[in-house]
Amino acid sequence: MRRTLHWLLPLAALILLAVVGHDFASTWLERGRRQSQPLPVLPRDVLAQAQRWRWSQTTGDAARIEVSADDFAQSASGARADLEGVVLRIHRDGQAGSDRVESDAMRLLGSGELYSEGPTAIALGVPGSGGGPPDAIIETSGVTFRPAESSARTDRPLRYRFEGGSGRSVGAVYDARDGTLELVSDVRIEREPADRGGIPARVAAGSLQYLEQGGRIELAGGARIERGALWLESQSAVLSLEAGQLRTLVGVAARAGEDGRDRSSRFWGATVLAHFDDQGALIRAEGRGGADFESREAGQRLSVRSGILELGFESEAEASSNPLRWVLARENATATLISADSGLTTALESAALRLTAYPESGNSQRVETLGRGTLRQSAGGGGGPPRTLRANSIELELSDGSQLRSLRADGAVELEQRSGGNDSDTLRTWSDRLQAELDPKTGEMASLRQEGAFRFQERDSRGTASRARFATSGAALELEGGAAVRSAGTSLEASRISVNRATGRVEAQGAVTGSMARSGPADAGAQAGGLFSEEAPVFIAAGRMASDPDSRRAEYEGAARLWQAGNRLDADGIEIDRGAGLVVALGNVTLEWEDASAEGDAPGSLTRVRADRMVYAEATGEAKFTGSVEFQRHTMRIRADVLTATVAAGGQGGTQAVAEGAVRVADPPDGTGQRGFGDRAEFSAARSEIVLTGTPARLVAADGTRSEAASLTYRASDASLLLLGRGDDRALTQRPAP
């Protein structure tokens, strides 16, 4: 079926027989009456009889038709003539070859009909002497020729062979008046390839009708056309010819497919239009009125459904390769990919879709929307997290075996990923672009990247960034470039933020800032009016941070700072243990808080402590400082190895502090006023009083007065001093000489 329609050669044979019948009927009967010589003894019903009978018709000096018979008998009435051992040779004008018809017996009726009851063999294109085989050989029987109607018919089986192929049918009718040929039933045609390794073609139909004038072939009663692994079936089909070559095929209620060793595909359409190239190879097929395409390979099923569906084929593809090159779906198109192993279903919807195959790279494929589309993905049985993606353009990459390998989306991207059974467990994201890599075995997303004005929402959490990345299974969400996350009164901004959606753990790096609410069960035991109250959020700044809701701990590192109103904590690292109710600060610790409880203190007065380490207990409001501790309040400074302070902000009881180990007191801090030394110091902001103890404790005034005692009580508000001795150690005051 690649170069010429040889399977239509029965048409040529019947045309030739009709011509012979017409000439024979119009001339031979009359000649028989005039030229036949009576035999010595003739049957009563025989007018003339002859053996080795010959008849010919010439044009000029060349014979046109030659008829020979072993026996010839004309009826007495002249109404019929019976021929036995008949051979008809029809010479072609201007050609060396001829056509040959052989029959054991033929009858020529007075009506002009020529009938061959028995086996009839027709050889077309018989070469001259020394030539090769004929172009085609047809075998049939029961052939009736009607010259007046220019028609010929048989209701018997018809077989024919031609160069590179063969065919058969039951019954055939030819009418030269309108140039129609009908193969009545059970049509079977096989065309072998012209070259070794080529692809054979086969045609099967309930019936076939050829319309010579329109160059059209109609197949009815169920038709099937095969070429290699490709096939097409339809209730009926119309084939259009051009210069004897097959150009188009229109099938009704048609389906086509490819049955390869590792791949199979199916194509359905209410109406299917197929186009063929100059070699008769299928190059394009189009389905209308609702069409489906399906491909199965390596446990994956890919199907495409739309109102209009077009398929493009590579006509020069080898028999071992997949000839399908592209699929174009229009009008409410849907492409669905189902994994037999995992049950994962991926559906892509758009007004138009295009599938492109790349056999040179291992039969990989690409499915893309031509306009805004929607992708829906869910696990088998509905047990997995459904995923919905919308974008102006969506593109899927499939590896060899139709495994989903990656997807890309551009323009107004919207993604929904549901992790639970209700809408509140849905993660929603928005961005300009999306790129995802998938596990080829499961089809699940191994990694997902979104860029351009990214934002997300999940439960009461919201966030923004320049770009985002989801790690394996989508559990970890990483935000980069102006990242921000907000939820339940908590906000966080940084260069990079990582959120583990499964555990709730949050990590941030680079210029970390934010705030967190203090209300809730975790702070139920916090002291009212402590370091951070419950009425306002606590603000955060650090180089990096991490929080874990399971352990209820948060860590801040790199110039970390927590503050609320006038209360502020700075350190190299800060750790908040909500479960234990502790705040731990390490390295270059500075704590400042407001304390306006003392008489004469101005509003917003600050108390400041510096140390190497601090541990603050929310339940008691007590902070313990160690390592080079310096406590300063207004004009008083205390230095010690260890200091424990009760932080009571806002005038509720005032600050109390206890310093131990090499205690040094200065009022004012520059050393120009009172200076104290001891082993322990107790400070009360409410009384503006400090009690210094030691062995002994000492106090040196600005004028040089020196006081020593086991206990020294100094009140800054009125500069009063109380000295207490202990046992034999008596209090002592020494004044310098005037």
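All figures in this text were calculated on a predicted structure; none of them were measured in a lab.

The next point concerns the confidence of the model for the protein chain. Overall, the predicted model of the protein chain reaches an average pLDDT of 79, with 77% of residues at or above 70. Contacts from residues 1-42, a stretch scored under 50 in pLDDT, to residues over four places away or in other chains number 110 contacts. For residues 520-528, every residue scores under 50 in pLDDT, and the model assigns this stretch 17 contacts once sequence neighbours within four places are set aside.

This next bit is on the pairing of strand β22 (residues 345-358). In terms of strand pairing, strand β21 (residues 324-339) meets β22 through 11 bridges, oriented antiparallel. Within the sheet, the bridge partner assigned to Leu 337 lies in β22 and is Thr 346. Bridge count between β22 and strand β24 (residues 373-378): six bridges; the pairing is antiparallel. Bridge assignment links Thr 346 to a residue of β24, and that residue is Gln 377.

All right, on to the packing of aromatic side chains then. If you walk through the whole model with that rule in mind, you get three aromatic pairs. When the ring of Phe 454 is compared with that of Phe 456, the centres are 6.4 Å apart and the planes differ by 25°; the resulting orientation is stacked. For the residue pair Phe 454 and Phe 456, the accessibility class agrees, reading buried in each case. Sitting over the face of the ring of Trp 430, Arg 455 holds its NZ or CZ atom 4.3 Å from the ring centroid.

Once that is clear, we can look at empty space enclosed by the protein. Summed over the entire model, instances satisfying the criterion amount to seven cavities of 30 Å³ or more. By volume, the largest cavity is sized at about 270 Å³. Lining the largest cavity are 26 residues; nearest its centre among them are Leu 230, Trp 231, Leu 232, Ala 256 and Leu 282. Mapped onto the lining of the largest cavity, the elements with two or more residues apiece are β13 (216-227), β14 (230-234), β16 (245-259), β17 (263-276), β18 (282-297) and β20 (308-313). If you tally residues by element for the lining of the largest cavity, the top one is β17, at six residues. Class assignment for the residues of the lining of the largest cavity results in 18 nonpolar, four polar and four charged. Forming the boundary of the second largest cavity are Val 665, Asp 667, Gln 674, Arg 675, Gly 676, Ile 690, Leu 692, Leu 699, Leu 712, Thr 713, Tyr 714 and Leu 721. Those elements giving two or more residues to the lining of the second largest cavity turn out to be β41 (656-667), β42 (674-684), β43 (689-700) and β44 (706-715). By residue class, the composition of the lining of the second largest cavity is seven nonpolar, three polar and two charged.

What counts as what
Residues numbered from 1 in each chain as written. Predicted model: local features only at pLDDT ≥ 70, side-chain atom pairs only at ≥ 80, totals over all residues. Heavy atoms only, no water. pLDDT = per-residue confidence, 0-100. Contact = heavy atoms within 4.5 Å. Pairing = 2+ DSSP bridges. Helix = DSSP H or I, 4+ residues; strand = E, 2+ residues; numbered from the N terminus. Phe/Tyr/Trp six-rings, centres within 6.5 Å; stacked < 30°, edge-to-face > 60°. Buried < 20%, exposed > 50% of the residue type's maximum accessible area, 1.4 Å probe, protein only. Lys NZ or Arg CZ within 6 Å of the ring centre and 35° of its normal. 1 Å grid on protein atoms, 1.4 Å probe; cavity = no way out; pocket = protein on both sides within 12 Å on 5 of 7 lines; lining within 4 Å. Points joined across faces, edges and corners; volume = space filled by probe spheres on them. Nonpolar A, V, L, I, M, F, W, Y, C, P; charged D, E, K, R; others polar.

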